[in-house]
Amino acid sequence: MIVIGAGAAGILASYTAAMRGAKVLLLEKTDRVGTKILVSGGGKCNITHDGPIEDVLRAYPRNEAQFLRPSFYCYPNTEIVDMLTAQGLRVYTRPNGRIFPVDQTAKDVCRILHQYLLDVGVEIQLSTRVLDIEPGFVIHTNQGDFESEQIILSVGGKSFPKTGTTGDGYPWVTKLGHTLAPIRAALAPMEMNLEGLGVKAGVALRDVVLKGRVSGKEIARWRDDLLFTHRGVSGPTVLGVAREVALAMETGSVLLEVDLCPDQSFEQVSAKLQTWKSKNPNQQLAKFLEGLVPNSVVEGFAQSCGIEPADKAQELGKKELNRLVEAIKGWKLGEVGEVVMEKGEVVAGGVELGEVDPHTMESRVCPGLHLCGEILDVAGPVGGYNLQAAWSTGFVAGDSISFG
Ligand SMILES: Cc1cc2nc3c(=O)[nH]c(=O)nc-3n(C[C@H](O)[C@H](O)[C@H](O)COP(=O)(O)OP(=O)(O)OC[C@H]3O[C@@H](n4cnc5c(N)ncnc54)[C@H](O)[C@@H]3O)c2cc1C
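## Structural notes on the overall build of the protein
Here is step 1 of the chain: Looking only at helices and strands, one finds 13 helices and 20 strands in the protein.
Here is step 2 of the chain: Overall size of the protein, expressed as C-alpha extent along the three principal axes, is 85 × 45 × 35 Å.
Here is step 3 of the chain: Put simply, the protein has 404 residues, and 47% of those count as buried.
Here is step 4 of the chain: A separation of at least 24 residues holds for 74% of the contacts in the protein among residues at least 6 apart in sequence.

Below you can see the structure in the form of structure tokens.
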């Protein structure tokens, strides 16, 4: 049998099928196994997310969680950890539940998984780009044609194209009878014009709540850090709201705003400012703001409220203080220009989940075709969830193929 795509899902699928005695040929377009795993987690690889399966599933949209449930129970987060640690990888769990290799290198994860494939006799053919798939199946590649009655398709999505994922699988599955949920950016940075804010690229806001708004209505929020980049914004908060923002931008414009004091109400922030003013009448506003935002952001932030950072506390009237409170609780960064799919960690959308049996990963519309990993309409948040979806669905696909 043939597996197409040697990412997280394809590796698990190939290994599992070979363990069951199948003769497996794994075709991969790039010149190595696990190309995207290598860049995952900034090269450190957030392997999976710790915790009971039901908690892990809760991180996904409800319909995706429902689809993933059988495969997550079949191949839970503990399994991939056991597989890797059995070969000497040491892992640790961060307080936020994210599991990483202790030595912080994705290379070790790839090396171990590659060795697993070799140990069970998977034939790996690298630099082999699948060009088309005909029903039955005939697989056309740049290295010639291959035939197999059963195939596992694990070619990933369309983000981060330099890792080999250029959306190649979408036209094939459509031709084989599948429907695609629209492909959209998710977990992706955003481009926007920040010139008016006077912020510098590389500066981060720590532990804030980023909100996306359409016509004033909140459509998404995420609490964590926010990073200003040369072209816009990135960081965990931005990735966290990207999916909803990309969707909303199809019908309108989305404004971003930041709550710099998420643990305090408007009233509490207002009281804090009043207390500061009465205790430090001669202190400049900049001093107060330095406790809230990085120094390089102070000037831009104050000016966005129409106040000079050098203004003294006693010079700030009720109106100015109100404007400050409003901005601290909802600093308007401006309108999102683009959610950049190519720079995203995953895409939302893909093969409609109703068309795939979640217990086997076999297509309900094209018998013999199994689908796993990011080509499916599944996209979890940052935190090891997406690799886990690839490991689990890959395992089930490999475990479910029949062979004579
Ligand atoms: C920068 C970045 C960081 C990330 N960090 C994390 C993280 O820390 N934790 C986490 O859980 N998730 C992370 N993700 C997401 C995670 O990497 C993906 O969800 C996961 O790799 C998807 O696995 P997959 O096997 O479905 O697809 P992929 O890993 O993308 O594998 C698909 C494979 O198919 C091959 N392929 C594509 N087209 C063809 C073709 N025509 N012929 C042959 N082969 C083909 C590709 O070359 C690729 O090797 C990150 C993603 C990125 C981009």
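There's more to say after this.
## A few points about the sheet that holds strand β3 (residues 48-49)
Here is step 1 of the chain: If you trace the three strands from one edge of the open sheet to the other, you get β3-β5-β4, paired in antiparallel fashion. On the outer flanks of this sheet lie β3 and β4 (91-93), each paired with one strand and no other.
Here is step 2 of the chain: Relative to strand β5 (residues 98-101), β4 runs antiparallel, the two sharing three bridges. In the sheet register, T93 faces β5, and the bridge partner there is I99.

## Details of the domain arrangement of the protein
Often, the extent of an interface is quoted as the loss of accessible area upon association of its parts.
Here is step 1 of the chain: As assigned here, the protein comprises domain 1 (2-183 + 346-400), domain 2 (190-261 + 333-339) and domain 3 (266-331).
Here is step 2 of the chain: Using only C-alpha atoms to locate each centre, domain 1 and domain 3 end up separated by 50 Å.

## Brief notes about the site of the ligand
Here is step 1 of the chain: Around the ligand sit 37 residues, and of these G5, G7, G156, G164 and G373 come closest.
Here is step 2 of the chain: Of all the elements in the fold, those that place two or more residues in the shell around the ligand are α1 (8-19), α2 (35-39) and α13 (385-400).
Here is step 3 of the chain: Of all the elements, α13 adds the most residues to the shell around the ligand, at four residues.
Here is step 4 of the chain: Here the residues of the shell around the ligand are counted per class, giving 14 nonpolar, 16 polar and seven charged.

## Some words on the packing of helix α4 (residues 62-74) against α13
Here is step 1 of the chain: The interhelical angle for the contact between α4 and α13, taken along N-to-C directions, is 80°, at an axis separation of 8 Å. Between α4 and α13, the angle is such that the two are roughly perpendicular. Residues L68, S71, F72 and C74 of α4 form the contact with α13, whose own contacting residues are A389, S392, T393, F395 and V396.
Here is step 2 of the chain: Counted by class, the contact of α4 with α13 contains six nonpolar, three polar and no charged residues.

## Quick word on the nonpolar core
Here is step 1 of the chain: Formed by 126 residues in total, the largest nonpolar core has its most connected members in A186, L210, A242, V245, V339 and L371.
Here is step 2 of the chain: Those residues in contact with L210, other than ones at most four positions away along the chain, are R221, W222, L226, T237, V238, V241, L256 and V258.

## Focus on the sheet that holds strand β7 (residues 130-134)
Here is step 1 of the chain: Reading across the sheet, the three strands line up as β7-β8-β9 and stay open at both edges, with antiparallel pairing between neighbours. The strands lining the two open edges of the sheet, one partner per strand, are β7 and β9 (144-147). The average angle at which neighbouring strand axes cross in this sheet is 20°, direction not considered.
Here is step 2 of the chain: Pairing of strand β8 (residues 138-141) with β9, which is carried by four bridges, proceeds in the antiparallel orientation. For T141, the partnering residue across the bridge sits in β9 and is G144.

## Considering α4
Here is step 1 of the chain: Taking 1.5 Å as the rise per residue, α4 with 13 residues should run 18 Å; its terminal C-alpha atoms sit 19 Å apart, in good agreement.
Here is step 2 of the chain: Of all the bends in α4, the largest measures some 45° and sits at L68, one to four residues before the proline P70.
Here is step 3 of the chain: By the burial criterion, the buried members of α4 are E64, F67, L68, S71 and F72.
Here is step 4 of the chain: Summarising the contacts, the buried residues of α4 are in contact with α3 (53-57) and α13.

## Regarding helix α5 (residues 77-85)
Here is step 1 of the chain: Those residues of α5 that fall on the buried side of the exposure criterion are N77, I80 and L84. With its buried residues spanning 75° around the axis, α5 presents them on a single face. Turned more than 90 degrees off the buried face of α5, the exposed positions are T78 and D82.

Basis of the calculations
- Residues numbered from 1 in each chain as written.
- Predicted model: local features only at pLDDT ≥ 70, side-chain atom pairs only at ≥ 80, totals over all residues.
- Helix = DSSP H or I, 4+ residues; strand = E, 2+ residues; numbered from the N terminus.
- Buried ≥ 20, exposed ≤ 12 C-beta atoms within 10 Å, placed from the backbone.
- Contact = placed C-beta atoms within 7 Å.
- Pairing = 2+ DSSP bridges.
- Domains from an automatic or database assignment.
- Near = placed C-beta within 6 Å.
- Nonpolar A, V, L, I, M, F, W, Y, C, P; charged D, E, K, R; others polar.
- Axes fitted to C-alpha atoms, helices over the stretch in contact; angles between N-to-C directions.
- Parallel < 35°, antiparallel > 145°, perpendicular 65-115°, else oblique.
- Core = buried A, V, L, I, M, F, W, Y, C linked by C-beta atoms within 7 Å.
- Expected span 1.5 Å × (residues − 1).
- Bend = angle between axes of the 7 residues up to and from the residue.
- Arc of directions from axis to C-beta.

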